[in-house]
Amino acid sequence: MQRIDGRGYFEGEFTLPGDKSITHRAIMFNAGAEGEAFVTGALMGEDCLSTMDCMRALGAEIEADGQSLHIKGTPNFRQGQRLNCGNSGTTIRLLTGFLAGKQVQATLVGDASLSSRPMKRVAEPLSLLGAEIQTTDGHAPVCVLPKPLRGAKVDISVSSAQVKSAVLLAGISADGETILTEPIPSRDHTERMLAAMGADIRVDGNSVAVKKSNLQAVDVCVPADISSAAYFMALGALKGKTLCKNVGVNPTRTGILTAFERLGVRYSLLHRGVSGGEEKADILVEKSDMRGISLTAQDVPAMIDELPLIALLCAFADGESRITGAKELRVKESDRIRTTAELINRLGGDCTELPDGWSIRGKRKLRGGDMDSYLDHRIAMTAAVGMIASENGGNLSRGECCAISFPDFFEKIGLKLG
Ligand code: S3P
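Residues numbered from 1 in each chain as written. Predicted model: local features only at pLDDT ≥ 70, side-chain atom pairs only at ≥ 80, totals over all residues. Heavy atoms only, no water.

## Some words on the sheet that holds strand S9 (residues 139-145)
Convention followed: In this analysis, strands are considered paired if DSSP registers two or more bridges between them. Helix and strand definitions follow DSSP, with helices as H or I runs of at least four residues and strands as E runs of at least two, each counted in order from the N terminus. Throughout, an axis means a line fitted to C-alpha atoms (over the contacting stretch in the case of helices), and angles, computed between N-to-C directions, take values from 0 to 180 degrees. Throughout, a contact is declared for two residues whenever any of their heavy atoms are within 4.5 Å.
Overall, mixed pairing links the four strands, which are arranged S6-S7-S9-S8 in an open sheet. In the strand order of this sheet, the two ends are held by strand S6 (81-84) and strand S8 (132-136), each with one partner. Direction aside, the axes of adjacent strands within the sheet are offset by 20 degrees on average. Pairing geometry for S8 and S9, over four bridges, is antiparallel. Each residue of the ladder has a partner; that of Gln 134, found in S9, is Cys 143. Docked against the sheet, helix H3 (residues 89-101) engages S6, strand S7 (106-109), S8 and S9, running at close to 15 degrees with respect to S9.

Structural data, given as structure tokens:
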């Protein structure tokens, strides 16, 4: 249990851990490519370590020195492996597609949380390419069986970068063309990295087309994760001033800045640049009076992992907020619609669960309260921000799970994990 006191002021300059989505892809794709690559600024969180372990089991050589990785790829993965994906949805879903494309037989397993998350969403679209993926009642363990694939037209009903990536990774090994269409574009790190590795890939609005390609290893310089910076950005808006350095600002990920604009949060992007095909900038956020907002399905993909934190900000804003179109949050590491509503109400806020989001009546000041993380890293970190921003703080149980995406979160935020 961690005691977290309320603070009157929060200020500082922060260097945040590497982007989780980009790190997963840099490890996985290079591990299955021809040649060798150096990755710098990699996130060494538990989820990315799961990807690294799986790729080593499949035959890639990966040496890690701090946040720098040296990867020697193997286009021909070892058959018959049992791969432990831990807590990581990105590992299990992307790898299922990658293995199906390479006609590699494998069994993918995960922890209790991952084993309760839906896997049919990858098995079904992959079957349109001829893949044979056996799930356990729609969940992990997932068995990939070796089958030759042919390109197909795949329309997915939910915008999901994990599902999209699984199909594209299978598509680059299939005969013919695969065209994937999603309702609203989700994060496009896969498309950018596959293009940099020499894949035959075309993006046209909500659709991505791929053809059979050999991947060449590519060096990747990983920017800081905006999903991790978000907690420090929120504390700047609520309590003072924060500068987050060298943060990835790929437009498919910056929905939190859209939410900031509507809430009335003052922020600016400094030192903008591009590295390894991804935009980055320093993000300065200053204490602001916030007003209630409305967010709908169209807004959701670019802020999917930040929505619990955005809901928390709404609890501190003037007036009512309504967030809808976010049903996907029910199948994340916890049911984040339920756990976020519980958090806000425990802190003394006024939040009602909707089937696909929340309605929140803002209060400016929250008294504070205790919360369990439900072993969900994003709920743990959102709760910590809520407690720091509240008057009396609270106790956080099972906060260690933030190591999934942000191993030194408590240290960075000025707390010792008790
Ligand atoms: C991710 C995609 C998103 C996101 C997750 C990382 C990725 O999941 O929530 O944290 O790296 O592709 P969905 O594809 O399920 O929306």
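Having seen the structure, we can now continue with the description.
## Considering the site of the ligand
Quick reminder of the rule: The nearness test applies per residue and asks whether one of its heavy atoms lies within 4 Å of the molecule or strand. Throughout this description, a polar contact denotes any pair of N or O atoms lying within 3.5 Å of each other; where both atoms belong to protein, one of them has to be capable of donating a hydrogen while the other can accept it, and for residues adjacent in sequence the pair is counted only when both atoms sit in side chains. Method for areas: the Shrake-Rupley scheme with a 1.4 Å probe, in which residue coverage is limited to the protein chains shown. For this classification, the nonpolar set comprises Ala, Val, Leu, Ile, Met, Phe, Trp, Tyr, Cys and Pro, the charged set comprises Asp, Glu, Lys and Arg, and every other residue, Gly included, is treated as polar.
What surrounds the ligand is the set Ser 21, Arg 25, Thr 90, Arg 93, Ser 160, Ala 161, Gln 162, Arg 187, Ile 304, Asp 305 and Lys 332. One of the backbone N or O atoms of Ala 161 is found 3.0 Å from an oxygen atom in the ligand. Asp 305 places a side-chain nitrogen or oxygen 2.7 Å from an oxygen atom of the ligand. Contact with the protein chains hides 94% of the accessible area of the ligand, taken as 380 Å² for the molecule alone. Those elements giving two or more residues to the shell around the ligand turn out to be helix H1 (20-31), H3 and helix H5 (161-171). Tallied by class, residues from the shell around the ligand come to two nonpolar, four polar and five charged.

## Digging into the domain arrangement of the protein
Let me state the cut-off plainly: Domain segmentation is taken from an automatic or database assignment of domains. Buried area, as used here, totals the accessible surface that two parts lose on assembly, with accessibility defined by a 1.4 Å probe and the loss added over both. When a carboxyl oxygen of Asp or Glu is within 4 Å of a side-chain nitrogen of Lys or Arg, the pair counts as a salt bridge.
Parsing the protein into structural domains produces domain 1 (2-17 + 223-412) and domain 2 (20-208). The C-alpha centroid of domain 2 is placed 28 Å from the C-alpha centroid of domain 1. Facing the 25 residues of domain 1 at the interface are 22 residues of domain 2. Approximately 2000 Å² of surface area, both sides summed, lies buried where domain 1 meets domain 2, with 50% of it carried by carbon and sulfur atoms. It is Arg 253, Glu 333 and Ile 404 that lose the most area in domain 1 upon contact with domain 2, and together they represent 26% of the buried surface on that side. We note a salt bridge from Arg 121 to Glu 328, for which the minimum N-O separation is 2.9 Å. One can count 14 residue pairs in polar contact (both at pLDDT 80 or more) joining domain 1 with domain 2. Mapped by element, the contributors of at least two residues to the side of domain 1 that touches domain 2 are strand S17 (278-286) and helix H11 (377-389). For the side of domain 1 that touches domain 2, the per-class residue count stands at ten nonpolar, six polar and nine charged.

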